[in-house]
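Below are the chains, spelled out letter by letter.
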Amino acid sequence: MDALIASTALVALAEIGDKTQLLSFVLAARMGRPLAICLGILVATVLNHALAAWLGALVASVLSPEALRWIVGLAFIGCGLWALVPDKLDETGVSDARGVFLTATLLFFMAEMGDKTQLATVALGARFENAYGWVVTGTTLGMLIANVPAVYIGQRLAQKLPVNWIRRIAAGLFIATGIITLSVGATSGHPV
């Protein structure tokens, strides 16, 4: 259950103001089919984060506990620092001919590649290597919590949310998780 709660909270907060959330706004404004866009986000996130969590668990199975503790702890701290930097969405050519669902799925999957939430999922997969399903479920829920309202409510919501404060809270959670990972492993003898 810890993996589910940590994954959901970290990713939901980190996603606020992220380029994939901005993509959600753009797709909703341009294509106007919120259900198809949300289903595309769901499929893209499950596929992307399943791969990322699997990679994290794989890394955890081949590294020494000490090396893993440092890599995971520093990865969380790095994600926290990265969360402080506002994202901007590059102009994306969305074609109505591809279909809203397929377009949303492909664009969201590609936008998530190398994104801080994907890298956080790798770290969460390593941190909770025996809870792979909970990590994927939690990170997917976190993405949906942040992006479904963006699709349905659009930019009116973005103008009312204190994005800078949310970004700072997300950064603080990532950094605290990194520090806890580094300190708990050192004091308990457990890797992460």
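Residues numbered from 1 in each chain as written. Predicted model: local features only at pLDDT ≥ 70, side-chain atom pairs only at ≥ 80, totals over all residues. Heavy atoms only, no water.

Next up on the list: the overall build of the protein. Across its full length, the protein carries 9 helices and 0 strands. When each of the 192 residues of the protein is scored for burial, the buried share is 44%. Within the protein, contacts between residues separated by at least 24 positions form 91% of all contacts whose residues are at least 6 apart in sequence. Per element, the accessible surface of the protein, about 9300 Å² overall, is 69% carbon and sulfur. (Helix = DSSP H or I, 4+ residues; strand = E, 2+ residues; numbered from the N terminus. Buried < 20%, exposed > 50% of the residue type's maximum accessible area, 1.4 Å probe, protein only. Contact = heavy atoms within 4.5 Å. Areas by Shrake-Rupley, 256 points an atom, 1.4 Å probe, with all protein chains shown as cover.)

Okay, the pattern of salt bridges next. One pass over the structure, following the stated rule, counts 1 salt bridge. With its nearest N and O atoms 2.5 Å apart, the salt bridge here joins Glu 66 to Arg 69. Of this pair, Glu 66 and Arg 69 both sit in helix α4 (residues 65-83), 3 residues apart, which is roughly one turn of that helix. In this structure Glu 66 comes out as partly exposed when scored by relative accessible area, which is 42%. (Salt bridge = Lys/Arg side-chain N within 4 Å of Asp/Glu carboxyl O.)

Another point: the nonpolar core. Ranked by internal contacts, the top residues of the largest apolar core, which has 34 residues, are Ile 37, Phe 76, Leu 124 and Phe 174. At the level of elements, α1 (2-15), α2 (19-31), α3 (34-62), α4, α5 (100-112), α6 (116-127) and α7 (132-153) are the ones that each hand at least two residues to this core. Of the residues forming this core, the biggest block, 7 residues, is contributed by α3. What Phe 76 contacts, discounting residues up to four positions off in sequence, is Leu 10, Ala 120, Ala 123, Leu 124, Arg 127, Phe 174, Ile 175, Thr 177, Gly 178 and Thr 181. (Core = buried A, V, L, I, M, F, W, Y, C linked by side-chain atoms within 4.5 Å.)

We now examine the environment of Ile 77. The residue Ile 77 is located in helix α4 in this model. Excluding its chain neighbours within four sequence positions, the residues that come into contact with Ile 77 are Phe 174, Ile 175, Gly 178, Ile 179 and Leu 182.

Looking now at the packing of α3 against α7. For the pair α3 and α7, interaxial distance at closest approach is 9 Å and the crossing angle is 150°. On the basis of their axis angle, the class for α3 and α7 is roughly antiparallel. As for the relative orientation of α3 and α7, their crossing is right-handed in sense. Contacts from Pro 34, Leu 35, Ile 37, Cys 38, Ile 41, Leu 42, Thr 45, Val 46, His 49, Ala 50, Ala 53 and Trp 54 in α3 reach Tyr 132, Val 135, Val 136, Thr 139, Thr 140, Met 143, Leu 144, Asn 147, Val 148, Val 151 and Tyr 152 in α7. Looking at the contact of α3 with α7 residue by residue, the class counts come to 18 nonpolar, 5 polar and no charged. (Axes fitted to C-alpha atoms, helices over the stretch in contact; angles between N-to-C directions. Parallel < 35°, antiparallel > 145°, perpendicular 65-115°, else oblique. Left-handed = near helix turned anticlockwise from the far one by under 90°. Nonpolar A, V, L, I, M, F, W, Y, C, P; charged D, E, K, R; others polar.)

As a further point, take α6. Since there are 3.6 residues in each turn of an α-helix, residues three or four apart along the chain are aligned in direction. With 12 residues, α6 ought to run about 16 Å at 1.5 Å a step, and its terminal C-alpha atoms sit 16 Å apart, in line with that. Counting buried positions along α6 yields 9 of 12 residues, so the element is predominantly enclosed. (Expected span 1.5 Å × (residues − 1).)

Time to look at the side chain of Thr 140. The residue Thr 140 is located in helix α7 in this model. Exposure remark for Thr 140: the relative accessible area of 6% places this residue in the buried category. Excluding its chain neighbours within four sequence positions, the residues that come into contact with Thr 140 are Leu 42, Thr 45, Val 46 and His 49.

A separate point is the environment of Leu 74. Relative to the elements of secondary structure, Leu 74 occurs in helix α4. Note on Leu 74: relative accessible area 47%, which makes it partly exposed. Along the sequence, Leu 74 and Ile 179 sit 105 residues apart, while their C-alpha atoms lie 8.1 Å from each other.

Here the focus is a nonpolar patch on the surface. Nonpolar side chains collect at one region of the surface, where Leu 35, Leu 39, Leu 42, Val 43, Val 46, Leu 47, Phe 101, Leu 102, Leu 106, Tyr 152 and Ile 153 lie side by side and expose about 920 Å² of accessible area between them. The set of elements that each furnish at least two residues to the nonpolar patch consists of α3, α5 and α7. No other element matches the 6 residues that α3 contributes to the nonpolar patch. Of note, Val 43 is situated in helix α3. (Patch = residues over 30% accessible without salt bridge, like charges linked within 9 Å, V, L, I, M, F, W, Y side chains within 5 Å.)

In this section: the confidence of the model for the protein. On average, residues of the protein score 80 in pLDDT, and 84% of them reach the 70 mark or higher. In the model of the protein, helix α8 (residues 155-160) stands out as the element of lowest mean pLDDT, 58, in contrast to α7, which has the highest, 92. (pLDDT = per-residue confidence, 0-100.)

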